[in-house]
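This is what each chain is made of:
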Amino acid sequence: MCITSFWDYALLAAIIFLASGVQGLSGFGFALVSMSLLPLFFPITFVTPLVALEAALVTFYVFLTLRSHFDIKKLSPLLIGALFGIPLGVFGLIHLNEVVIIRTFAVCLFLYALYSLVGREPSFSLSKTWGYVFGFVSGCLGGAYNTSGPPAIIYTSLQDWDKNEATITLQSYFMVTALLIIVMHSINGLITVEVLKCVGIVIPFSLVGVFIGTYFFSRIKQETFKRIVFTLLMIVSAALFFH
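Residues numbered from 1 in each chain as written. Predicted model: local features only at pLDDT ≥ 70, side-chain atom pairs only at ≥ 80, totals over all residues. Heavy atoms only, no water.

1. A short note on the overall build of the protein
To keep it simple, the criterion reads: The secondary structure listing takes helices from DSSP runs of H or I that are at least 4 residues long and strands from runs of E that are at least 2 residues long, numbered from the N terminus. Within these notes, the globule rule equals 2.2 Å times the number of residues to the 0.38 power, and the radius of gyration is based on C-alpha atoms. For each residue, the accessible area found with a 1.4 Å probe, counting protein chains only, is set against the maximum for its type, and the residue is called buried under 20%, exposed over 50%, and partly exposed in between. Only four residue types enter the charge count, namely Lys and Arg as positive and Asp and Glu as negative; His and the chain termini do not. In plain terms, the charge of a residue is placed at NZ if it is Lys, CZ if Arg, CG if Asp and CD if Glu.
A tally of regular secondary structure across the protein gives 10 helices and 0 strands. Taken from the N to the C terminus, the helices and strands of the protein come in the order α-α-α-α-α-α-α-α-α-α. Taken over the C-alpha trace, the protein has a radius of gyration of 17 Å; the compact-globule value for 243 residues is 18 Å, and the two agree within 12%. Expressed along its principal axes, the backbone C-alpha trace of the protein runs to roughly 50 × 40 × 35 Å. Looking at the protein as a whole, 52% of its 243 residues are labelled buried. Of the charged side chains in the protein, 12 are positive and 10 negative, and the gap between their average positions amounts to 5 Å.

Written out as C-alpha cells, the structure reads:
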C-alpha cells in the first residue's frame, strides 16, 4: 500500500490541486509539478499511472476552452513521433532501476527549467520534420515519467504560431498522449485498484485547481508566474536528484 494515512491522502490531494492550478493558468505544467513532487513521497510506479489518469482529465478541460483553435496538421508530427516513443518509455519504467529513472528525470527537469528561465527568444523556427523527433523524445519521457511536456513545449515555442495555436496544440497533444500512456500502463498492469481509488478521491481537487487556474489566466502576468514556477522546478529537481 502506498497510501496509509489521512495525511498521505491530504498530501496527494494538495499536490494534485497545485499541479492542476498551474496547468489551468499556464496551459502546461500538470505533469511537471506533480511528477516533481509526488515521487518524493510515493513510489514512482504508483505515481506515474495516477498522474497519467489525472492529466487526461485536466488537459481535456483546458482543451475544451480553446477547441476552436484546434488544427490537426500542427498536432500530427508530435503525435506520430510519440506513438513510437511511449512504449519504449513504459518499458523503461518497468525494467529500469527506480533511482536511475528519478535522477534522469531530475536532470531533464532541471535543464528544461533552466532553458525556460534564461533561454532567449529564438530567431528561427523548426521545420515540421523536427516534430517527429521531438514527439518521439516526448513520448519516451511521457511513458516513463508522464513528463512529455518539455520537448513538446520547446517544439511549439520554436514555431511561428500565436499563443492560442501553440496552447491548443499542446493541450491536444497532452490529452491524446495521456490516453495512450494510460492504455500502455493498463496493459502492463500498472493501473491498480489502489491507483484508481486515489484518482477518484483527488478528482475534485484537480477540477477545482484547474478551474481556479483558468480563472486567473488573464488576471496576472503570465511571464512572472512562469519564472516563479521554473525557479521552483529547479529547486525541486535538485531535491529529486539527491533524494
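2. Focus on a nonpolar patch on the surface
What counts, and what does not: Two distance rules govern patches: like charges are joined within 9 Å, and nonpolar side chains (Val, Leu, Ile, Met, Phe, Trp, Tyr) within 5 Å, applied only to residues with over 30% relative accessible area and no salt bridge. Here the accessible surface of atoms and residues is derived via Shrake-Rupley with a 1.4 Å probe, and residues count as covered only by protein chains that are part of the display. By salt bridge we mean one thing: a side-chain nitrogen of Lys or Arg within 4 Å of a carboxyl oxygen of Asp or Glu.
Together, I80, L83, F84, L88, W130, Y132, V133, F136 and V137 make up a nonpolar patch on the protein surface, roughly 840 Å² of accessible area in all. Put simply, the parts of the chain that give the nonpolar patch at least two residues each are α4 (72-95) and α6 (129-145). Sort the elements by how many residues they give to the nonpolar patch and α6 lands first, with 5 residues. Given the relative accessible area of 61%, F84 is considered exposed.

3. Things to note about the environment of L240
Our working rule: It only takes one pair of heavy atoms within 4.5 Å for two residues to be counted as in contact.
Within the secondary structure, L240 sits in helix α10 (residues 222-241). Looking at L240, the relative accessible area reads 2%, which means it is buried. Excluding anything up to four places from it in sequence, L240 contacts M35, S36, P39, L40, I102, F105 and A106.

4. Focus: the packing of aromatic side chains
The criterion, for reference: Whether two aromatic rings pair depends on their centres lying within 6.5 Å, for rings of Phe, Tyr and Trp, where Trp uses its six-membered ring; planes under 30 degrees apart make the pair stacked, over 60 edge-to-face, and the rest tilted. By definition, being over a ring means that NZ of Lys or CZ of Arg is both within 6 Å of the ring centre and within 35 degrees of the ring normal.
Applying the stated rule across the entire model yields 6 aromatic pairs. Considering the side-chain rings of F63 and F70, the 6.0 Å spacing of their centres and the 75° angle between planes classify their relative orientation as edge-to-face. Using a relative accessible area of 15% as the deciding quantity, one classes F63 as buried. Judged by its relative accessible area of 36%, F70 falls in the partly exposed class. Within the aromatic cluster, the residues linked to one another by ring pairs are W130, F134 and Y155. Over the ring of F241 we find R103; its NZ or CZ atom is 5.3 Å from the centre of that ring.

5. With respect to helix α8 (residues 163-187)
Test applied: Every helix has an expected span of 1.5 Å times one less than the residues it contains.
Over its 25 residues, α8 runs 36 Å from end to end, which matches the ideal 36 Å to within 8%, given 1.5 Å per residue. Trailing α8 by a residue or two, G189 shows a phi angle of about 75°, which is positive.

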